[in-house]
Amino acid sequence: MTKIEGLGDWKRTQYCGEVSDKEIGNTVTLMGWVRTSRDHGGVIFIDLWDKTGIVQIVFSPQVSAEIHSRGASLKSEFVIAIKGNVRPRPQGTENTALPTGKIEVVVDEMKVLNESETPPFELDEEQIGEEVRLKYRYIDLRRERMQKNLLLRHKATQETRKFLTEKGFLEIETPFLARSTPEGARDYLIPSRLNPYSFYALTQSPQLFKQLLMVGGADKYFQLVRCFRDEDLRKDRQPEFTQIDMEMSFVEKEDIMEISESLMKRIFETAGHKIKTPFTKITYDEAISRYGVDKPDIRFGLELKDITDIAKQTDLKIFHQVLEKGGIVKAINVSGGAETLSIKVRNDLIEYIKGFGAGGLAWIEVKADSCHSPIVKYFKEEQLNRLKEVLGTKAGDLILIVADNKQITNTALGSLRMKLAEDLGLLKDVEPFSLVWVIDFPLLHYSMEENKLEFAHHPFTSPVEEDLKYLDSEPEKVKSKAYDVVLNGTEIASGSIRLHNRALQEQVFKTVGLSKEETEEKFGFLLEALKYGAPPHGGIAFGFDRLMAIMMGEDSIRDVIAFPKTQKGICLTTKAPSSVNEKQLKELHIKLDK
RNA sequence: GGGGUCGUAGUUCAGCUGGUUAGAACGCCUGCCUGUCACGCAGGAGGUCGCGAGUUCGAGCCUCGUCGACCCCGCCA
């Protein structure tokens, strides 16, 4: 049995990764974890690890037989403290791969502070299944990748606080336990013990509170804040996630954009990355038209082209069926695709596209002086020529065509575009980080399922003044003062100039069919606040986890969160959520329906 | 709510057309080794093939169900 000892009067003199040749000759006290040991029978080398790195410590029989044999008994991830002498490594045994590779520490005394079971996975192994990693997250966190991610995340949060403070922002906390509001995502509900049959909702975002702070004269607010949404999860969506939330008074959207760009610049600098500012701006309409999505990755081509006019003139029945229902036909041109995309791959793409509700995907191979495709016989020479012209094809290209209603066509082809970029390696030689503003969003959009108008952004977004005249007649034509930041095809921020005029806010509510009574019941407190000197204001919120993940080259936000949840919302480390006992339920007046 | 991929030793994986005793690497254990840093050498232990049914003379492999992880659609103002 290993004897476990207390620290006693031992004090750490420096971190493992900080021992350098400046300390040669000094006695140091180090503490950390046993990473790997190399036992040569005589001399024993151990890599001692802490968050700063690794230093080689040496157990030599020349010091004493006792310390040598105690060194031999150490196992992986034991926690130890050592006192020893720093000396240069013998000539020829330096390790240039290690920052501390010029020196080593000869152990004179050691305390074993704690033992460890053999870890369930190797800490220097890259490819470990996520399930095991999350179950033993505290061990996973000792690995270099997670250490790096957490450190960078820390630096980014600190830089954010520093930067916004310099700019005159106040960090103000807002409640998590809040009122459930009808719009938006599903709420996480918290029963109130003191108020039987009533529930709080965990905030989906501090949206309303930050607006109230503006009415309260805060002028410039920010918060690194947790948000909660009870929706299905993805690799970039966790039930609780972090936003950099900001709001400013007496500003227009250009002011928000400018401060956002500066903030992004500073954050990327913490990771040693330079980004281009100002960001490229693209309107919502243009994004949909050229990329099919409102979060375009503009680092590569493969742009969507509307070929509805050409399709109209062909004899292809499917096209005409789609057109009669008011649909559209769009296409992309895959350079060299006739060769690189086999028939089998094309069939896979068809399956992929069907996942978005599209009926199918047609293809046309472009040859030097002809076109090859099952549907080419329905095209006249002139139509094929126009098609080639619109898409800018050359011999060996492959045209991919989707015909469906506007939304499905754009979404399907836009997603296909991203998939092809990935599959064909189009993202290899592009700039690593491309930030884009998407602007001029519509204020409202029509929901087919709900059969009514809905808010495209959120209910407090200000319409563009010039479009107010359409609010009653053609509400879908009204543009809003909303803006998104898109990073490499992922939405990382969203914001808007808000409505601060009560009458206009009420008019907007009316447009989506909310009655005065309903709005009073649901948002009465905000409408009330707008009565009392609400300044013009606007803001933005950055999805901090997404930003961090992309900046660190991680595929999932789970890898930039210390304790993330699985796709079913389970914490594998703590086994939350769990059942609770009868007493707890009774206090909350809850009966389970099981 | 729906579609898909995966689940075999502690870990990462292989396991052919259903056929003898389920393999490899790393890790782990024992021994040897005084300059390694992916130390080396010799030996060894380690398996509910996620779980449950079914088909079959026989199932890691086929079928159905179920559980879990992941990816996607819907959803996420």
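Residues numbered from 1 in each chain as written. Chains lettered and ligands numbered in written order. Predicted model: local features only at pLDDT ≥ 70, side-chain atom pairs only at ≥ 80, totals over all residues. Heavy atoms only, no water.

S.K.: Before we move on, can you summarise the packing of aromatic side chains with the specific residues and values?
M.R.: Taken as a whole, this structure holds 12 aromatic pairs when the rule is applied. Seen in terms of ring centroids, Phe319 and Phe379 are 6.3 Å apart; in terms of plane orientation they differ by 85°. Their pairing is edge-to-face. Within this pair, whereas Phe319 is found in helix H9 (residues 317–324), its partner Phe379 is found in the loop between strand S16 (371–372) and helix H12 (381–391), the two being separated by 60 residues in sequence. Here Phe319 matches Phe379 in class, with each residue buried. Here the aromatic residues Phe455, Phe460, Phe509 and Phe523 are joined through ring pairs into a cluster of three or more. Positioned above the aromatic ring of Trp49, the side-chain terminus of Arg35 is 4.6 Å from the ring centre. One Lys or Arg, Lys477, reaches over the ring of Tyr470 and ends 4.4 Å from the middle of that ring. (Phe/Tyr/Trp six-rings, centres within 6.5 Å; stacked < 30°, edge-to-face > 60°. Helix = DSSP H or I, 4+ residues; strand = E, 2+ residues; numbered from the N terminus. Buried < 20%, exposed > 50% of the residue type's maximum accessible area, 1.4 Å probe, protein only. Lys NZ or Arg CZ within 6 Å of the ring centre and 35° of its normal.)

S.K.: Give me the side chain of Glu159: which residues, what numbers.
M.R.: Looking at the element boundaries, Glu159 is found in helix H4 (residues 144–166). You can call Glu159 buried: its relative accessible area is 16%. Not counting chain neighbours up to four residues away, the residues in contact with Glu159 comprise Arg266 and Thr270. (Contact = heavy atoms within 4.5 Å.)

S.K.: Would you mind going over the pairing of strand S23 (residues 537–543) in detail, with residue names and values included?
M.R.: In terms of burial, S23 is a largely internal element, 7 of the 7 residues being buried. Across the two faces of S23 the burial is the same, with His537, Gly539, Ala541 and Gly543 and Gly538, Ile540 and Phe542 all buried. Bridge count for strand S11 (residues 240–249) against S23 is 7 bridges, and the pairing is antiparallel. From the neighbouring strand, Ser249 faces S23, where its bridge partner is His537. (Pairing = 2+ DSSP bridges.)

S.K.: So what about the sheet that holds strand S3 (residues 53–59)? Which residues, and what values?
M.R.: Reading around the circumference, S1-S2-S3-S5-S4 is the order of the 5 strands in this closed barrel, with mixed pairing throughout. For this sheet, the mean inter-axis angle between neighbouring strands, taken without regard to orientation, is 55°. Strand direction decides the pairing type here: strand S4 (residues 79–88) and strand S5 (residues 103–114), joined by 10 bridges, are antiparallel. Pairing of Arg87 across the sheet is with Glu104, part of S5. Seen against the sheet, helix H1 (residues 65–72) touches strand S1 (27–39), strand S2 (44–50), S3 and S5 and runs at an angle of roughly 70° to S5. (Axes fitted to C-alpha atoms, helices over the stretch in contact; angles between N-to-C directions.)

S.K.: With reference to specific residues and values, describe unusual backbone geometry.
M.R.: Here the residue pair Thr277 and Pro278 is connected by a cis peptide bond, since its omega of -10° sits within 30 degrees of zero. Its location among the elements puts Pro278 in the loop between helix H6 (253–270) and strand S12 (280–283). Between Ala576 and Pro577 the backbone carries a cis peptide bond, its omega angle lying at 0°. Mapping Pro577 onto the fold places it in the loop between helix H16 (544–551) and helix H17 (582–587). One non-glycine residue, Asn488, lies in positive phi territory at about 50°.

S.K.: A description of the packing of helix H5 (residues 207–215) against helix H15 (residues 516–530) should follow, citing residues and the corresponding values.
M.R.: As a packed pair, H5 and H15 sit with axes 10 Å apart at the nearest point and diverge in direction by 20°. Taken together, the axes of H5 and H15 are roughly parallel relative to one another. The hand of the H5/H15 crossing is left-handed. In this structure, H5 uses Leu208, Gln211, Leu212 and Val215 to contact H15, whose residues at the interface are Phe525, Leu526 and Ala529. (Parallel < 35°, antiparallel > 145°, perpendicular 65-115°, else oblique. Left-handed = near helix turned anticlockwise from the far one by under 90°.)

S.K.: I'd like a description of the protein's contact with RNA strand B, backed by residues and values.
M.R.: Around RNA strand B lies a shell of 48 residues, among which Asp39, Thr93, Glu104, Glu122 and His457 are the nearest. In the model, a base nitrogen of RNA strand B is placed 2.2 Å from a nitrogen or oxygen of the Thr93 main chain. Between Asp232 and RNA strand B, the recorded distance is 2.6 Å, taken from a side-chain N or O atom to a base nitrogen. Of all the secondary structure elements, the ones that give two or more residues to the surface near RNA strand B are S1 and helix H2 (130–135). (Near = heavy atom within 4 Å. Polar contact = N/O pair within 3.5 Å; in protein donor to acceptor, adjacent residues only side chain to side chain.)

S.K.: Could you give an account of the sheet that holds strand S9 (residues 199–202), with specific residues and numbers?
M.R.: Across the sheet, 3 strands lie side by side as S7-S9-S8; this open sheet has antiparallel pairing. The sheet is open, and its two edges are formed by strand S7 (177–178) and strand S8 (189–191), each paired on a single side. As paired elements, S7 and S9 share 2 bridges and run antiparallel to each other. If you follow Leu177 over to S9, its bridge partner there is Leu202.

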